[in-house]
Amino acid sequence: MITAKIVGTGSWLPKKTVTNADLEKVLDTSDEWIVSRTGIRQRHVIGEQETVSNMATYAAQRALSMAGIKAQDLDLIVVGTVTGDVEFPAVACLVQGNLGASRAFAYDVRAVCSGFVFALSNALAYHQCGRVKRSLVIGVDALTRTLDWTDRSVAILFGDGAGAAVLVSDEEEGHGVFSTHLRSDGALWDLIYYPGEEGRHPCSGVKLEGGRFLRMCGNKTFKVAVSELANITLEALAANHMGIDEITWVIPHQANRRIIDAVGKRLGMPAEKFLVNIDRVANTSAASIPIMLDEANRQQKFASGDVLLLCAFGSGLAWGAALIRW
Ligand code: COA
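Starting afresh in each chain, residues are numbered from 1 along the sequence in its written order. Totals for whole chains, interfaces and linings use every residue, but because this is a predicted model, local features are given only for residues with pLDDT of at least 70 and side-chain atom pairs only at 80 or more, for both listing and counting. Only heavy atoms go into the side-chain values, all of them from the structure, while hydrogens and water stay out.

When helices and strands are counted, the protein shows ten helices and 13 strands. Put simply, the radius of gyration uses C-alpha atoms, and a globule should come to 2.2 Å times the residue count raised to 0.38. Relative to the 2.2 N^0.38 estimate, which gives 20 Å for 326 residues, the radius of gyration of the protein is 19 Å and therefore close to what a compact globule would have. The principal-axis extent of the C-alpha atoms belonging to the protein is close to 55 × 45 × 40 Å. Under the scheme applied here, a residue whose accessible area is under 20% of the maximum for its type counts as buried, over 50% as exposed, and between as partly exposed, the area being computed with a 1.4 Å probe on protein chains only. Residues classed as buried in the protein amount to 56% of the 326 residues present. The contact criterion used throughout is that any non-hydrogen atoms of two residues lie within 4.5 Å. The long-range share in the protein, meaning contacts at least 24 apart out of those at least 6 apart in sequence, stands at 76%. Looking at the protein as shown, the accessible area adds up to about 13900 Å², and 49% of this sits on carbon and sulfur atoms. Note on charges: Lys and Arg go in the positive column, Asp and Glu in the negative column, and His and the chain ends are not counted at all. One atom stands in for each charge, and that atom is NZ of Lys, CZ of Arg, CG of Asp or CD of Glu. Looking at charge distribution, the protein has the averaged site of its 32 positive side-chain charges lying 1 Å from that of its 35 negative ones. Runs of H or I in DSSP of at least four residues are treated as helices and runs of E of at least two as strands, each being numbered from the N terminus. All accessibility values rest on the Shrake-Rupley procedure with a 1.4 Å probe; residue burial counts only the protein chains present in the view.

Here you go:
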């Protein structure tokens, strides 16, 4: 069976950082509270003049350069994002224009924090059926633009950035991205949502208050995240007749250090297998997994044959996992 091998990764973070000390000055919070409850010490925040499509383009250029592949040779661009510069067209089309990837078809996937894993799964399906040979998968978001910076329960959690991976079709059995698993539960849509200016309640049609800001029920989200991230990991392993010990590295969505630790405990996996950068970047939504993937790749953490588990969770609710043999 054809799979897709990752041959290049890239990431991009805005220059501006906001530390916990900066937030202490404007919010009733403390560095001690934020670090102990979330593991976050700072976040990168998109500037007024910066754009989501440019962040995605810079990450993509780095991934293409590592892959040694020209943008003109791409067949497909899929972007996981919910914070495009404009409502439409897709960020993927803006990136395509920036890169000059004129042969590719391009579209966005809206799976919020799980956006990269959903986009990767989409791209993999095109590789598997032979429709594409070279694809670019990006996760990018600027959720800080949706935040009420006076609300301490959410303002501390998020950062902005972009991450990208270039994939090529590969016929070596069991190599590359070889299995993806996606789930969602729309009954829990209101645990994390962003109404937008015109947002209406999905049942009553009544205009939602506070449309300009992201809303979250952190406590409940935390519990579902821990159990579903563990469940999807077990599902991915079972589908491939693999044991937990066969995973070399886990790249989890970076939403909360305590979520990551609790998933590790539940699965009986050592903390050293989990790659974590939440202290420096916070929750970057769809960008979180590909940024960590790129950082670890550039640090040459992965050896040939290593098994990587990517697992994501977020608004939708939507969650998923991908298994990769490096
Ligand atoms: N600084 C200080 N105190 C804060 C605070 C902050 N930034 N944010 C909340 N608090 C307070 C609350 O007001 C509450 O005070 P009270 O007990 O007097 O009412 C107390 O801390 C505990 O609040 P709670 O919401 O129960 O804390 P928590 O341990 O659940 O941590 C989150 C809050 C948001 C960090 C945590 O629930 C979380 O990370 N949830 C998952 C969120 C997530 O992953 N979202 C995205 C998924 S992609």
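On to the site of the ligand. Near residues are defined by distance, with any heavy atom within 4 Å of the molecule or strand qualifying the residue. In the neighbourhood of the ligand, 23 residues make up the surrounding shell, with Thr29, Arg37, Gly218, Asn219 and Asn256 lying closest. Polar contacts, as counted here, are pairs of nitrogen or oxygen atoms within 3.5 Å of one another; within protein the pair requires one atom able to donate a hydrogen and one able to accept it, and residues that are adjacent in sequence qualify only if both atoms are side-chain atoms. Interatomic distance of 3.4 Å between a side-chain N/O atom of Trp33 and a nitrogen atom of the ligand. Between Arg258 and the ligand, the recorded distance is 3.1 Å, taken from a side-chain N or O atom to an oxygen atom. Within the complex, 72% of the 960 Å² of free accessible area of the ligand lies under protein. For the shell around the ligand, the elements supplying multiple residues, two or more each, are helix H2 (31–38), helix H6 (152–155), helix H7 (218–239), helix H8 (257–267) and strand S12 (307–314). Gly is placed with the polar residues, together with every amino acid not listed as nonpolar (Ala, Val, Leu, Ile, Met, Phe, Trp, Tyr, Cys and Pro) or charged (Asp, Glu, Lys and Arg). The residue makeup of the shell around the ligand, split by class, is ten nonpolar, nine polar and four charged. Residues lining the shell around the ligand come from more than one domain, with at least three contributed by each of domain 1 (3–170) and domain 2 (176–325). Domain start and end points were adopted from an automatic or database domain assignment.

Moving on to the packing of helix H3 (residues 52–67) against helix H4 (residues 91–99). Put simply, H3 and H4 touch, their axes get as near as 9 Å, and they point 55 degrees apart. In this view, H3 runs oblique relative to H4, as classed from their interaxial angle. Considering how the two elements wind past one another, H3 and H4 form a crossing that is right-handed. On H4, the residues touching Val52, Ser53, Asn54, Ala56, Thr57, Ala60, Gln61 and Leu64 of H3 are Val91, Leu94, Val95, Asn98 and Leu99. Classifying every residue of the contact of H3 with H4 by side-chain character gives eight nonpolar, five polar and no charged. Axis geometry follows a simple rule: fit a line to the C-alpha atoms, using only the stretch in contact for helices, then measure angles between N-to-C directions, giving values from 0 to 180 degrees. Any angle that falls under 35 degrees is termed roughly parallel, while one over 145 is termed roughly antiparallel, one within 65 to 115 roughly perpendicular, and all others oblique. Crossing handedness is read from the near helix: turned anticlockwise from the far helix by less than a right angle, it gives a left-handed crossing, and turned clockwise, a right-handed one.

A separate point is the pairing of strand S11 (residues 249–252). Burial along S11 is two-sided: the residues Trp249 and Ile251 and Val250 and Pro252 are all buried. In the sheet, S11 pairs with S12 via four bridges, with the strands oriented parallel. Within S12, the residue paired with Trp249 across the bridge is Leu308. Pairing between strands requires that DSSP locate at least two bridges from one strand to the other.

This brings us to the side chain of Asp170. Secondary-structure assignment places Asp170 in strand S7 (residues 160–170). The side chain of Asp170 is buried and forms no salt bridge, while Lys5, the nearest opposite charge, is found at 4.3 Å. Look past the residues within four positions of Asp170 in its chain and what remains in contact with it is Met1, Ile2, Thr3, Ala4, Lys5 and His175. By definition here, a salt bridge exists when the distance from a side-chain nitrogen of Lys or Arg to a carboxyl oxygen of Asp or Glu is within 4 Å.

Our focus in this paragraph is the domain arrangement of the protein. The domains assigned to the protein are domain 1 (3–170) and domain 2 (176–325). Measuring from the centre of the C-alpha atoms in domain 1 to the corresponding centre in domain 2 gives 14 Å. Contact residues are listed per partner, giving 50 residues for domain 1 and 44 residues for domain 2. Accessible surface is computed with a 1.4 Å probe, and the buried area is the amount of it that two parts give up when combined, taken over both parts together. Of the roughly 3800 Å² buried at the junction of domain 1 and domain 2 (both faces included), carbon and sulfur atoms supply 65%. The interface formed by domain 1 and domain 2 holds zero salt bridges in total. Where domain 1 packs against domain 2, one counts 20 residue pairs in polar contact (both at pLDDT 80 or more). If you list the elements that add at least two residues to the side of domain 1 that touches domain 2, you get strand S1 (3–12), H2, strand S3 (42–44), H3, helix H5 (115–128), strand S6 (134–142), H6 and S7. When the residues that make up the side of domain 1 that touches domain 2 are grouped by side-chain class, the tally is 22 nonpolar, 20 polar and eight charged.

What follows covers the environment of Glu24. With respect to the helices and strands, the residue Glu24 is situated in helix H1 (residues 20–26). For Glu24, a relative accessible area of 37% gives the class partly exposed. A C-alpha to C-alpha distance of 9.8 Å links Glu24 and Arg152, two positions 128 residues apart in sequence. Apart from residues no more than four positions distant in its own chain, Glu24 is found in contact with Thr29, Ser30 and Asp31.

With that settled, the discussion passes to H7. A helix is expected to reach a length of 1.5 Å times the quantity of its residues less one. Taking 1.5 Å per residue, 22 residues should reach 32 Å; H7 reaches 31 Å between its end C-alpha atoms and fits that length. Where H7 is concerned, the buried positions are Thr221, Val224, Ala225, Val226, Leu229, Ala230, Ile232, Thr233, Ala236 and Leu237. Elements that come into contact with the buried residues of H7 comprise strand S8 (176–184), strand S9 (192–193), strand S10 (215–216), H8, S12 and strand S13 (318–325). Immediately beyond the C-terminal end of H7, within one or two residues, lies His241, with a positive phi of roughly 50 degrees.

This brings us to the packing of aromatic side chains. What counts as a ring pair is set by centres within 6.5 Å for rings of Phe, Tyr and Trp (its six-membered ring), and what kind of pair is set by the plane angle: stacked under 30 degrees, edge-to-face over 60, tilted for all other angles. This structure, assessed with the given rule, holds six aromatic pairs. Here Phe105 and Tyr126 contribute two aromatic rings whose centre-to-centre distance is 5.2 Å and whose plane-to-plane angle is 80 degrees, an arrangement assigned as edge-to-face. Here the residue Phe105 occupies a position in strand S5 (residues 105–109), and Tyr126 occupies one in helix H5, the gap between them amounting to 21 residues. Among the aromatic side chains, those forming a connected cluster through ring pairs are Phe105, Tyr107 and Tyr126.

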